[in-house]
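Residues per chain, in single letters:
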Amino acid sequence: MQEIFPQHTIVTPNDEGLHFDPEETGLTFYENSLIKAKALWSMVHCPVIADDSGICLDALGGAPGIYSSRYAGPNFMQGSPDGKKVPQAEQNRMLVSQLNEALEKGVDLEQGKKQGLFALGERTAHYTCAMVLYLGHDRLYVAEEIMEGTIVERIEDARGTGGFGYDPLFYLPDFGKTAAELTPDQKNAISHRGKASRALKNIVEGIMGASKNFSF
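Small disclaimer: the values here were computed from a predicted structure and weren't measured.

K.L.:
A description of the pattern of salt bridges should follow, citing residues and the corresponding values.
P.N.:
Pairing of side chains with opposite charge becomes possible as their charged atoms draw close. Applying the stated criterion across every chain, the model contains 7 salt bridges. The salt bridge involving Lys 36 is made with Glu 24; its shortest N-O contact spans 3.7 Å. Of this pair, Lys 36 sits in helix H1 (residues 29–44) while Glu 24 sits in the segment before H1, and the two are 12 residues apart along the sequence. In this structure, the salt-bridge partner of Lys 187 is Asp 167, at a minimum N-O distance of 2.3 Å. Highlighted residues: Lys 187 in helix H4 (residues 184–190) and Asp 167 in the loop between strand S3 (139–151) and strand S4 (170–172), separated in sequence by 20 residues.

As structure tokens, then:
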């Protein structure tokens, strides 16, 4: 974010010594990002940016989606009953296994193609990011973007040490790399978060150009 907004100083709640852990009860990426944005604005009363993101596998109907962070395998898609987060390495292993099992049972590729899915094959997936710029009550802007790719066939094919989350599983055919192998500049250029951030940057610059009284 700081690289994309070089003329501004980006700080997190942690930087300001704020305890910030709102309950994400939304059913979409946008709803969760708005929950976080409203909660933070109520604490600081100045413009805030919040986002929610996750990975969506087409053959799994878009899962784990908004539950990406809480995903605990096929039996606990929305999170472990005890509320504990499964280690990322285990999440990665379970997700690849779940996808492989679903494909073995069969997915309707023809129907998927009609719906615009599986453009890169049956292992297609995308990251989604919904990012909200919240300026106050009833004044907000939102950008939602995706990054498309595929999921590796075996957990042993996971590669890369950059990024975080499911990035080592997320293969980008145009680059011949996983998201975890991209340089920071490459990732900022094509990632869901990078694209949503730049969209909001354009909005901020438009607002600042139109209003002399706006500060960000």
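K.L.:
I'd love a proper account of unusual backbone geometry, names of residues and values included.
P.N.:
At the junction of Ala 63 and Pro 64, the peptide bond is cis and its omega measures out at 0 degrees in the coordinates. Residue placement: Pro 64 occurs in the loop between strand S1 (48–57) and helix H2 (88–105). Phi is positive for Asp 138, close to 60 degrees, though the residue is something other than glycine. Tracing the backbone through its elements, the reader meets Asp 138 in the loop between strand S2 (124–136) and S3.

K.L.:
With reference to specific residues and values, describe H1.
P.N.:
Given a rise of 1.5 Å per residue, 16 residues ought to cover 22 Å, and the 23 Å separating the end C-alpha atoms of H1 matches this to within 8%. Regarding H1, the residues found buried are Phe 29, Asn 32, Ser 33, Leu 34, Lys 36, Ala 37, Leu 40 and Trp 41. Looking at the buried side of H1, the elements it contacts are S1, S2 and S3. Phi turns positive, to about 50 degrees, at His 45, one or two residues after H1.

K.L.:
Describe the layout of surface pockets, listing the residues and the values that go with them.
P.N.:
In this model, the second largest pocket occupies a volume close to 160 Å³. Looking at the second largest pocket, it is lined by 10 residues, and the ones nearest its centre are Glu 148, Leu 172, Asp 174, Phe 175 and Ile 190. At 3 residues, S3 tops the list of elements feeding residues into the lining of the second largest pocket. A per-class count over the lining of the second largest pocket returns 7 nonpolar, no polar and 3 charged.

K.L.:
How would you summarise the packing of aromatic side chains if you had to cite specific residues and measurements?
P.N.:
Given two aromatic rings, their pairing is described by the distance between the two centres and the angle made by the two planes. In the structure shown here, the tally under the stated rule is 2 aromatic pairs. Seen in terms of ring centroids, Trp 41 and Tyr 134 are 5.9 Å apart; in terms of plane orientation they differ by 70 degrees. Their pairing is edge-to-face. Taken as a pair, Trp 41 in helix H1 and Tyr 134 in strand S2 lie far apart in primary sequence, 93 residues in all. Taken as a pair, Trp 41 and Tyr 134 share a single burial class, namely buried. Measuring from ring centre to ring centre gives 4.8 Å for Tyr 127 and Phe 170, while their planes differ by 55 degrees; the resulting arrangement is tilted. Of this pair, Tyr 127 sits in strand S2 while Phe 170 is found in strand S4, placing the two residues 43 residues apart along the sequence. The class of Tyr 127 is buried, set by a relative accessible area of 6%. According to the relative accessible area criterion, Phe 170 is buried, its value standing at 0%.

K.L.:
Account for the pairing of S2, with residues named and values stated.
P.N.:
Counted residue by residue, S2 has 13 buried out of 13 residues, so it is predominantly covered. Pairing between S1 and S2: 10 bridges, direction antiparallel. Bridging across to S2, Cys 56 finds its partner in His 126. Taken together, the 12 bridges between S2 and S3 define a ladder with antiparallel strand orientation. Residue pairing for S3: Tyr 127 is matched across the bridge by Met 147.

K.L.:
Residues and numbers for the nonpolar core, please.
P.N.:
Ile 55, Leu 57, Leu 95, Ile 151, Tyr 166 and Phe 170 are the most contacted members of the largest nonpolar core, which totals 26 residues. Sequence-distant contacts of Ile 151, that is, excluding residues within four places in its chain, are made with Ile 55, Leu 57, Val 96, Leu 99, Arg 123, Ala 125, Leu 169 and Phe 170. Counting 11 residues, the second largest nonpolar core, distinct from the first, contains Phe 5, Leu 135, Val 204 and Ile 207.

K.L.:
Describe the sheet that holds S4, naming the residues involved and giving the relevant values.
P.N.:
One open sheet holds the 5 strands; their spatial order is S1-S2-S3-S4-S5, and the pairing between them is antiparallel. The open sheet has two edge strands, S1 and strand S5 (177–178), and neither has a second partner. Of the strands in this sheet, S1, S2 and S3 are in contact with H1, which crosses S1 at around 160 degrees.

Conventions and cut-offs
- Per chain, the residues get numbers from 1 upward, laid out in the order the sequence is written.
- Given that the model is predicted, a residue must reach a pLDDT of at least 70 before its local features are reported, and side-chain atom pairs must reach 80 or more before they are shown or counted; all residues, however, enter totals for whole chains, interfaces and linings.
- Each side-chain value is worked out from all heavy atoms of the structure, with water and hydrogens disregarded.
- Note on definitions: salt bridges are taken to be side-chain nitrogens of Lys or Arg within 4 Å of carboxyl oxygens of Asp or Glu.
- Numbering of helices and strands runs from the N terminus, with a helix taken as a DSSP run of H or I at least four residues long and a strand as a DSSP run of E at least two residues long.
- Working rule for helices: expected span equals 1.5 Å times residues minus one.
- Whether a residue is buried, partly exposed or exposed follows from its accessible area with a 1.4 Å probe, protein chains only, as a fraction of its type maximum: under 20%, in between, or over 50%, in that order.
- In what follows, a contact means two residues having at least one pair of non-hydrogen atoms within 4.5 Å.
- Points on a 1 Å grid, built from protein atoms alone, make a cavity when a 1.4 Å probe fits but cannot get out and make a pocket when they are open with protein on both sides within 12 Å along at least 5 of 7 lines; residues with an atom within 4 Å of a point are the lining residues.
- Grid points are joined across faces, edges and corners, and a volume is the space filled by probe spheres set on the points.
- Under the scheme applied here, ten amino acids are nonpolar (Ala, Val, Leu, Ile, Met, Phe, Trp, Tyr, Cys and Pro), four are charged (Asp, Glu, Lys and Arg), and all others, including Gly, are polar.
- Stacked, edge-to-face and tilted labels apply to pairs of Phe, Tyr and Trp rings (six-membered ring for Trp) whose centres lie within 6.5 Å, assigned for plane angles under 30 degrees, over 60, and everything in between, in that order.
- Pairs of strands are assigned from DSSP output, requiring at least two bridges between the strands.
- For this analysis, a nonpolar core means a set of buried residues of the types Ala, Val, Leu, Ile, Met, Phe, Trp, Tyr and Cys, connected via side-chain atoms within 4.5 Å.
- The angle between two axes is taken between their N-to-C directions and runs from 0 to 180 degrees, where each axis is a line fitted to C-alpha atoms and a helix contributes only its stretch in contact.

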